[in-house]
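Tertiary structure, described
So you can see what is in the structure, the chains are spelled out below.
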Amino acid sequence: MVLRKPLTPTHAHGHVLVRKDRRLGLVRISKNASTESKIRLECQNWIAFDAFEGPVVAFLREPVSRFVSGLPETMLRMTHFVIRDTSRKDRVEVPEDVYTELAGVAREPIGSVIERFLELAEYAYFDAHHEPQHGFFTDRALQLRVDPQLYLTEKFEDGIAQIEKRTGISASPLVRQENKGGAKPQAGRNPVIDLVRRVTRTEVHRHIAHSGFLGLRYLGASEPMRLRELNALANRFAKEVKEFGVPEALRERVLALYDLDRRLWEEVTARGGDVSASEIWSQLVPQADRDRQLEAGRLRG
């Protein structure tokens, strides 16, 4: 039996985010337009998989793009139990040894940082931003825990339209894209909101006790700062990652790590989205079994 790796504790796994009218549930997969889909589909309340009987949807994303996009997210939120800041609701508490290894390469060239991050992910996933997409809706034996209708992040507006047609709901109109291009906010949404938050020292103007990896990389120390300043460092790191690109050798390792995600995404892409997981799952998982057995045989040989 093929077993997936254990889930991380950094996400509300086993739950869908549901509309108030309960006409739709969303499996929020990190780095797959999860914030934008939550807003557009008006999904607000977490409900356990087995407590929701309505239709469920999820968005998939090309694995290499998702992995690269997740790097800055983890580095922005990453902390461990000794230096955790409980005032940060968005923090990601990772194992201490993982934090220490990444902190140890904080000042090294961006290629070395990415390679160390990938090594650690290959060893064990430590954050939902890079754990496999299929893990968000399968059990440890790779059986479906819930059967979402699957759509494509790369064709997000098409997916929203397909969901509206299938379910009869009306999605909220696109007003402004959250975190456009992955950039983190450094001010309130408008001058008035920004002034209020500046005075009350809330949201982007609140004090962060530990700047973590990003402080180490750009300032030489995990010193305290405001969230807006930490967001600026995250945007700087994201720019480094984007400019570095993905060398072919690194790309092959990422695709090998997320092979089932790749084949799942390719199958849904070939069908144009709006595909139920159960419709294609049986043809994907047996292949994953055979691939794992062949690899095990090669290692024994």
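Look up a bit, the structure's there.
Residues numbered from 1 in each chain as written. Predicted model: local features only at pLDDT ≥ 70, side-chain atom pairs only at ≥ 80, totals over all residues. Heavy atoms only, no water.

Here the focus is helix α2 (residues 63-77). For α2, built from 15 residues, the straight-helix expectation of 21 Å at 1.5 Å per residue is met to within 8% by its first-to-last C-alpha distance of 21 Å. The axis of α2 is deflected most strongly, by about 25 degrees, at Gly 70, and proline Pro 72 appears within four residues downstream. For α2, the buried fraction is high: twelve of the 15 residues fall into the buried class. Residues Pro 63, Val 64, Arg 66, Phe 67, Gly 70, Leu 71, Pro 72, Glu 73, Thr 74, Met 75, Leu 76 and Arg 77 constitute the buried set of α2. (Helix = DSSP H or I, 4+ residues; strand = E, 2+ residues; numbered from the N terminus. Expected span 1.5 Å × (residues − 1). Bend = angle between axes of the 7 residues up to and from the residue. Buried < 20%, exposed > 50% of the residue type's maximum accessible area, 1.4 Å probe, protein only.)

Here we take up the pattern of salt bridges. Counted by the stated rule, this structure contains 17 salt bridges. Between Glu 229 and Arg 226 there is a salt bridge, and its shortest N-O distance comes to 3.7 Å. Judged by relative accessible area, Glu 229 falls into the partly exposed class, the value being 34%. Among the residues examined, Arg 226 registers a relative accessible area of 29% and is labelled partly exposed. (Salt bridge = Lys/Arg side-chain N within 4 Å of Asp/Glu carboxyl O.)

Ordered by their spatial adjacency, six strands build an open sheet running β3-β1-β2-β4-β7-β10, and the pairing between neighbours is mixed. On the outer flanks of this sheet lie β3 (43-48) and β10 (275-276), each paired with one strand and no other. Relative to strand β4 (residues 56-60), strand β2 (residues 25-27) runs parallel, the two sharing three bridges. By the bridge assignment, Val 27 is partnered in β4 with Ala 58. In the packing of helix α5 (residues 156-167) onto the sheet, contacts are made with β4 and β7 (149-152), and the angle to β7 comes to roughly 150 degrees. (Pairing = 2+ DSSP bridges. Contact = heavy atoms within 4.5 Å. Axes fitted to C-alpha atoms, helices over the stretch in contact; angles between N-to-C directions.)

Here we come to the packing of helix α4 (residues 110-123) against helix α8 (residues 227-244). Where α4 contacts α8, the axes come no closer than 10 Å and their chain directions differ by 90 degrees. One way to sum up the angle between α4 and α8 is to call them roughly perpendicular. Between α4, through Ile 110, Gly 111, Val 113 and Ile 114, and α8, the contact on the second element is made entirely by Phe 237, Glu 240, Val 241 and Phe 244. Classifying every residue of the contact of α4 with α8 gives six nonpolar, one polar and one charged. (Parallel < 35°, antiparallel > 145°, perpendicular 65-115°, else oblique. Nonpolar A, V, L, I, M, F, W, Y, C, P; charged D, E, K, R; others polar.)

For the rest of this paragraph, the subject is the nonpolar core. Ranked by internal contacts, the top residues of the largest apolar core, which has 38 residues, are Phe 67, Met 75, Leu 102, Phe 213, Leu 214 and Phe 237. When residues of this core are traced back to their parent elements, those giving at least two are α2, α3 (96-104), α4, α7 (212-219), α8 and α9 (248-257). Broken down by element, the residue count for this core peaks at seven residues, all from α4. Not counting the four nearest positions on each side in its chain, Leu 102 is found in contact with Met 75, Met 78, Arg 116, Phe 117, Leu 120, Phe 126 and Phe 213. Formed by 27 residues, the second largest nonpolar core is a distinct cluster that contains Val 27, Val 56, Leu 142 and Trp 265. (Core = buried A, V, L, I, M, F, W, Y, C linked by side-chain atoms within 4.5 Å.)

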